[in-house]
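Here is how the chains run, residue by residue.
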Amino acid sequence: YAKLRGKNRVERYQQRYDELLRRRGTLEAELRHAIDREQLRLVFQPVVALPSVRPVGAEALLRWTHPTLGAVRPDEFIPVAEESGLINRIGAWVLEQACIQLAEWLARGHDVWVSVNLSPKELHAADYAGQVADVLERHGVPPQRLVLEVTEHAVATDMEELISRLTELRGTGVRIALDDFGAGYSSLGQLRTLPVDILKIDHALVAEPESRTGMAAPLVDVVVNMGHRLGLEVLAEGIGTPAQRAVVEEAGCRLGQGSLFGWGVPAEHLEAQLQTLRQSPARPLPAPRSAP
Ligand code: C2E
Ligand code: MG
Ligand code: MG
Ligand code: MG
């Protein structure tokens, strides 16, 4: 009997694994056509100055809506894009769309910057800095209006190579943000040697004050202060409640992002959202029903 149960467990495990592989295969095959079939779009999440809540920029976040699979989350399809090599083409599309939108906002007199997430693979592609310079020029976007976000995962790779890539990118005049800081791998020591301009504190760190440990507020405080002492701008992401906002502000953090100020919205709705932010104090927003 025990043997049978063990066998069932192995079978169930095998089944689950097969399902995962199938899902992955489907996603990869479908993602291949996502651009041409116009299933991808960007949403923009406002970034605000603290404590004023004046909007200063927006992060471009990729959305994929498939006719039968529905909304697929970036946390699921970005890794597929990275492993299949599709990320370079998708990333180029994201950068282009973000710059088109940014150029439009600047033309309409909005004093904003836009940030775009980069996968390590894109960063290491041949002449990536040249591609960035080219897109900026074609759309007439001043480089300092664009922020490129690299994650801590990129930091886990060859440091010397990373530093030279980031230095090259910065040479175009764009600014670099280190995303998800505090979530994983990079150390304070590494941070000191990296040519970055903005430090984004991971939402997990920001969310902790609501947990019972009581440890996170001092952590946020340490990271903000360290960032400032290294001459970086510090941005806290995932601010979802007034209490989290208070912790971040008390630490002296001057940039924030999160559902308290607004989820990602299609470009045409961002202007209205910026207007609301300029007028009213922030209240928590309910999570949108589908992927924001
Ligand atoms: P990220 O760059 O750290 O983006 C922040 C994520 O936090 C977004 O999830 C955003 O919707 C979510 N978020 C914003 N405010 C709050 C909040 O108050 N509370 C909570 N709990 N979450 C909040 P999203 O859009 O699902 O993106 C997930 C990740 O996918 C991103 O993390 C980024 O690493 C990756 N990603 C998204 N778009 C792109 C892209 O165009 N290219 C690449 N390479 N990666 C992307
Ligand atoms: Mg990001
Ligand atoms: Mg992040
Ligand atoms: Mg992330």
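Residues numbered from 1 in each chain as written. Chains lettered and ligands numbered in written order. Predicted model: local features only at pLDDT ≥ 70, side-chain atom pairs only at ≥ 80, totals over all residues. Heavy atoms only, no water.

Under an unreviewed UniProt entry, the protein chain has the name Bifunctional diguanylate cyclase/phosphodiesterase and belongs to Paractinoplanes aksuensis.

**Side note on the site of ligand 1**
Quick note on the threshold: It suffices for a single heavy atom of a residue to lie within 4 Å of a molecule or strand for the residue to be listed as near it. Residues adjacent in sequence count toward polar contacts only when both atoms are side-chain atoms; beyond that, a polar contact is any pair of N or O atoms within 3.5 Å, and within protein one must be able to donate a hydrogen and the other to accept it. All accessible areas in this document rest on Shrake-Rupley with a 1.4 Å probe, and a residue is counted as covered only by the protein chains that are shown. By definition, any uninterrupted DSSP run of H or I lasting at least four residues is a helix, any uninterrupted run of E lasting at least two residues is a strand, and each is numbered from the N terminus.
Taken together, 22 residues sit near ligand 1, with Gln45, Arg63, Asn117, Asp179 and Ser259 positioned nearest. One of the side-chain nitrogen or oxygen atoms of Gln45 is found 2.9 Å away from a nitrogen atom of ligand 1. Summarising the interface, the protein chains cover 83% of the accessible area of ligand 1, which totals 810 Å² for the free molecule. The set of elements that each furnish at least two residues to the shell around ligand 1 consists of β2 (55-66), α2 (74-84), β4 (113-118) and β6 (175-181).

**Side note on the coordination of the magnesium ion (ligand 3)**
The line we're drawing: Donor selection uses N, O and S atoms within 2.8 Å of the metal (3.2 Å for Na, K and Ca). Since no water is included, sites may look incomplete.
The protein atoms that coordinate the magnesium ion (ligand 3) are Asp179 (OD), Asp180 (OD), Glu237 (OE) and Glu237 (OE), at distances spanning 1.9 to 2.7 Å. Counting along the primary sequence, the residues that act as donors to the magnesium ion (ligand 3) give the motif D-D-x56-E. Separating the magnesium ion (ligand 3) and the magnesium ion (ligand 2) is a distance of 4.0 Å, and Asp179 donates to both of them. Separated by 57 residues along the polypeptide, Asp180 in strand β6 and Glu237 in the loop between β8 (233-236) and α11 (242-250) bring together distant segments of the chain.

**Side note on the environment of Gly231**
Heads up, the condition is: Accessibility here uses a 1.4 Å probe with only protein chains present; expressed as a share of the type maximum, an area under 20% marks a residue as buried, one over 50% as exposed, and anything in between as partly exposed.
With respect to the helices and strands, Gly231 occurs in the loop between α10 (216-229) and β8. Overall, the relative accessible area of 63% leaves Gly231 in the exposed class. For the pair Gly231 and Val196, spaced 35 residues apart in sequence, the C-alpha separation works out to 9.7 Å.

**So, the pattern of salt bridges**
The condition that has to hold: Salt-bridge detection follows one rule: a side-chain nitrogen of Lys or Arg within 4 Å of a carboxyl oxygen of Asp or Glu.
For the structure shown, the criterion picks out 15 salt bridges. The partner of Asp134 in a salt bridge is Arg138, with the nearest N and O atoms 3.2 Å apart. Of the two residues, Asp134 and Arg138 are both situated in helix α5 (residues 128-138); the distance of four residues between them amounts to about one turn of the helix. The partner of Glu161 in a salt bridge is Arg165, and the shortest N-O contact between them spans 3.3 Å. Of the two residues, Glu161 and Arg165 both sit in helix α7 (residues 159-170), four residues apart, roughly one turn of that helix. A relative accessible area of 16% means that Arg165 is categorised as buried. When salt bridges with common partners are traced through the structure, they connect Glu59, Glu149, Lys200 and Glu237 into a single cluster.

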